[in-house]
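# Summary of structural features
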Amino acid sequence: MSTTSDVEPVRIALLEALRNMEKTWEVLAPRYGVTNPNPPWKTSLTAMCDCLAASGALPALDRRRAEDELADSVYREVPAPERQLLALVHIMLSRGLVSETDLVGRMRAVRSRLESA
Amino acid sequence: MSHTHKPGDGGAERHAAPMVEEITDFEVLEIAVRELAIEHGLFTAEDHRRFTEWTESIGPAAGSRLVAKAWIDPAFKARVMEDAVRACKEIGIDWAEPTGFGTPSDYMNLRVLEDTPTLHHVIVCTLCSCYPRPLLGMSPEWYRTTNYRRRLVRWPRQVLAEFGLILPPEVELRVEDSNQKCRFMVLPVQPEGTENWTEQQLAQIVTRDCMIGVALPRPGRTADIHPVQKARRPVQSSEHSGEPAHEHDK
C-alpha cells in the first residue's frame, strides 16, 4: 500500500466551513429529480487533476496518496465527489499551489458572477 | 426542476432534463481553484478543455468492443495479446490521446489477461487507482476505495463473492496489481450460447465489471447496475468468521 504523503491531515478552516452535508450531490440530486450520478463539476475536477499531473505541478501518485490519507481521516464522512474535491484543494493549499486568502476572495467573486448570470 | 419549452413553430412540447437549480459551495470551489491554478500558470485553460473533452469521451464501450472482436476474430485476439495498445487502434482507441503521449495517469502499456475455464483474473491497484481509462473510462468509486484495494489481494474469493461472483474451487484465481508502468484488463471467457452472436450483440454483454474481473458475461446481462434481488438465504462472510486467506497471488 502507499507510503505516507507530505500532506498533513489537519483541519483547514475554509474547507471545514464548506463541508455542508446537506449540499452534497447525493442529497441534492434526488431532491431535484436528477439521475446523473455525478455533479456537473466532476468531469472538470478530473481534468484538473490530469492537468496538474501533466504539468508536473502535482504528480498523480502524490495526489492519490494524499487523497487516500485525507479520505481516511479529515474527510472520512464526506461522499465521493465532494471528498475528492476537498482533498485536492487541501493538497494544493498544503503545497502552496494556491493560498487560502486568494481562494476565499476568488470564491466570493465566482459566486457573485454565477448568481448574477 | 424540469422546464417545459414550447417551440415557436407550435411543435410538440419538449421537457428539459431536471437540473439542480442551486449554486453550491462545492461548484464554486471547483471553479475558483481551477481559475487560480490557471492564473498561477499550473496549466492552461486550453489544456483543461482538452482533458475535459477527453474525459467525457471515454467509457467502457471501447473495452466491450475489444473483447467482442477478440472473441470472434482469433487473429485480432492474437494481436491483442501481443501488443494491446497497438491493437486498440483497430477499434478506434489511441492511447496517445489527448496529448500525443497519453495522460500521466494512463501509462501506455496495456496487458490483456485472458481467462480460461480454469483460470480467472481480477484487477486492482493496491498503490492508488491505476485503471485502463482509454478502454474502460473512469474507474468506479469502489475500485478506488482502500477497502477493495486492501482486501482483494488478501481475500480475493471472498471479495468476489461480495460482488456476487462465486468461483468454483477448481478455478485458479489471479489478482493482477496495476501500477504506474502497466495497465491491465480482463478478457473473459465467451459464455456458452453466444456462439452465433454478432460482434455488436456480444459487446452488449461485456460490461465494465466483466473487464475488471468482478463479474462474468452472460446472455441477458447487459448492465452492471440492475435491480437488487432479495437474498434467498443469509450470506456468511468467511472473512468475518476468521477463515484464513487462501489466495494471494500478488
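Look up a bit, the structure's there.
What counts, and at which threshold
Residues numbered from 1 in each chain as written. Chains lettered and ligands numbered in written order. Predicted model: local features only at pLDDT ≥ 70, side-chain atom pairs only at ≥ 80, totals over all residues. Heavy atoms only, no water. Helix = DSSP H or I, 4+ residues; strand = E, 2+ residues; numbered from the N terminus. Rg over C-alpha atoms; globule rule 2.2 N^0.38 Å. Buried < 20%, exposed > 50% of the residue type's maximum accessible area, 1.4 Å probe, protein only. Contact = heavy atoms within 4.5 Å. Core = buried A, V, L, I, M, F, W, Y, C linked by side-chain atoms within 4.5 Å. Pairing = 2+ DSSP bridges. Expected span 1.5 Å × (residues − 1). Salt bridge = Lys/Arg side-chain N within 4 Å of Asp/Glu carboxyl O. Polar contact = N/O pair within 3.5 Å; in protein donor to acceptor, adjacent residues only side chain to side chain. Nonpolar A, V, L, I, M, F, W, Y, C, P; charged D, E, K, R; others polar. Phe/Tyr/Trp six-rings, centres within 6.5 Å; stacked < 30°, edge-to-face > 60°. Disulfide = S-S within 2.5 Å.

What follows is about the overall build of chain A. Counting secondary structure elements, chain A contains six helices and zero strands. When the elements of chain A are put in sequence order from the N terminus, they spell out α-α-α-α-α-α. The C-alpha radius of gyration computed for chain A amounts to 15 Å, which stays within 12% of the reference 13 Å derived for 117 residues, consistent with globular compactness. Principal axes of the C-alpha set define a box for chain A whose edges measure 40 × 30 × 30 Å. Every one of the 117 residues in chain A was classed for burial, and the buried ones make up 51%. For chain A, the proportion of contacts with a sequence separation of at least 24, taken over those separated by at least 6, is 71%.

Let us now look at the nonpolar core. Membership of the largest hydrophobic core comes to 49 residues, with the highest contact counts inside it found for B:Leu66, B:Leu110, B:Val122, B:Leu135, B:Tyr148, B:Met185 and B:Ile212. It is helix α3 (residues 61–72) of chain B that contributes the most residues to this core, six residues altogether. Filtering out sequence-adjacent residues up to four positions away, B:Met185 remains in contact with B:Gly63, B:Leu66, B:Val67, B:Leu110, B:Arg111, B:Val112, B:Leu113, B:Ile123, B:Pro132, B:Leu135 and B:Met211. Formed by 42 residues, the second largest nonpolar core is a distinct cluster that contains A:Trp41, A:Cys49, A:Tyr75 and B:Phe26.

Now for the pairing of strand β6 (residues 183–187) of chain B. Residue and element names in this part refer to chain B. A large share of β6 lies buried, amounting to five of its five residues. Side chains Arg 183, Met 185 and Leu 187 project from β6 onto one buried face, and the interleaved Phe 184 and Val 186 project onto a second face that is buried too. Pairing geometry for strand β3 (residues 110–114) and β6, over five bridges, is parallel. Note that in β6 the partner of Arg 111 across the bridge is Phe 184.

Here we take up helix α6 (residues 100–116) of chain A. Owing to its 3.6 residues per turn, the α-helix aligns residues three or four sequence positions apart on the same side. A rise of 1.5 Å per residue sets the reference length of α6(A), with its 17 residues, at 24 Å; its end C-alpha atoms lie 24 Å apart and thus fit the reference within 8%. For α6(A), the secondary structure elements touched by its buried residues are α1 (13–18) and α5 (80–94) of chain A together with α1 (25–39) of chain B.

So, about the interface of chain A and chain B. Listed as interface residues are 54 residues of chain A and, on the opposing side, 46 residues of chain B. Along the contact surface separating chain A from chain B lie 10 salt bridges. A salt bridge links A:Arg106 to B:Glu35, with the shortest nitrogen-to-oxygen separation between them at 3.0 Å. The tally of links from chain A across to chain B stands at 17 residue pairs in polar contact (both at pLDDT 80 or more). If you list the elements that add at least two residues to the side of chain A that touches chain B, you get α1, α2 (25–32), α3 (42–55), α4 (60–71), α5 and α6 of chain A. A total of 12 residues in the side of chain A that touches chain B trace back to one element, the largest contributor, which is α3(A). Looking at the side of chain A that touches chain B residue by residue, the class counts come to 30 nonpolar, nine polar and 15 charged.

Here the focus is the packing of aromatic side chains. Enumeration according to the criterion identifies six aromatic pairs over all chains in this entry. Put simply, the rings of B:Tyr131, B:Trp142, B:Tyr143, B:Tyr148 and B:Phe163 pair up and form one aromatic cluster.

In this section: the state of the cysteines. All names here are of chain B. Evaluation of the coordinates by the stated rule reveals zero disulfides over all chains. Of all cysteine sulfurs, the one in Cys 130 lies closest to Cys 125, which takes part in no disulfide; the gap is 3.7 Å. Assessed through its relative accessible area of 0%, Cys 125 is described here as buried. Here Cys 130 stays free of any disulfide, with the sulfur of Cys 128 as its closest cysteine sulfur at 3.6 Å. Given the relative accessible area of 5%, Cys 130 is considered buried.

A few words on the pattern of salt bridges. Close approach of charged atoms allows side chains with opposite charge to pair. In this structure the tally under the stated criterion is 33 salt bridges over all chains. Between A:Arg64 and A:Glu67 there is a salt bridge; the shortest N-O distance is 2.8 Å. Taken together, the residues A:Arg64 and A:Glu67, both in helix α4 and three residues apart, mark about one turn of the helix. For the pair A:Arg64 and A:Glu67, a shared accessibility class is recorded, and that class is buried. Between B:Arg150 and A:Asp72 there is a salt bridge; the shortest N-O distance is 4.0 Å. With B:Arg150 in helix α8 (residues 146–154) and A:Asp72 in the loop between α4 and α5, this residue pair bridges two chains.

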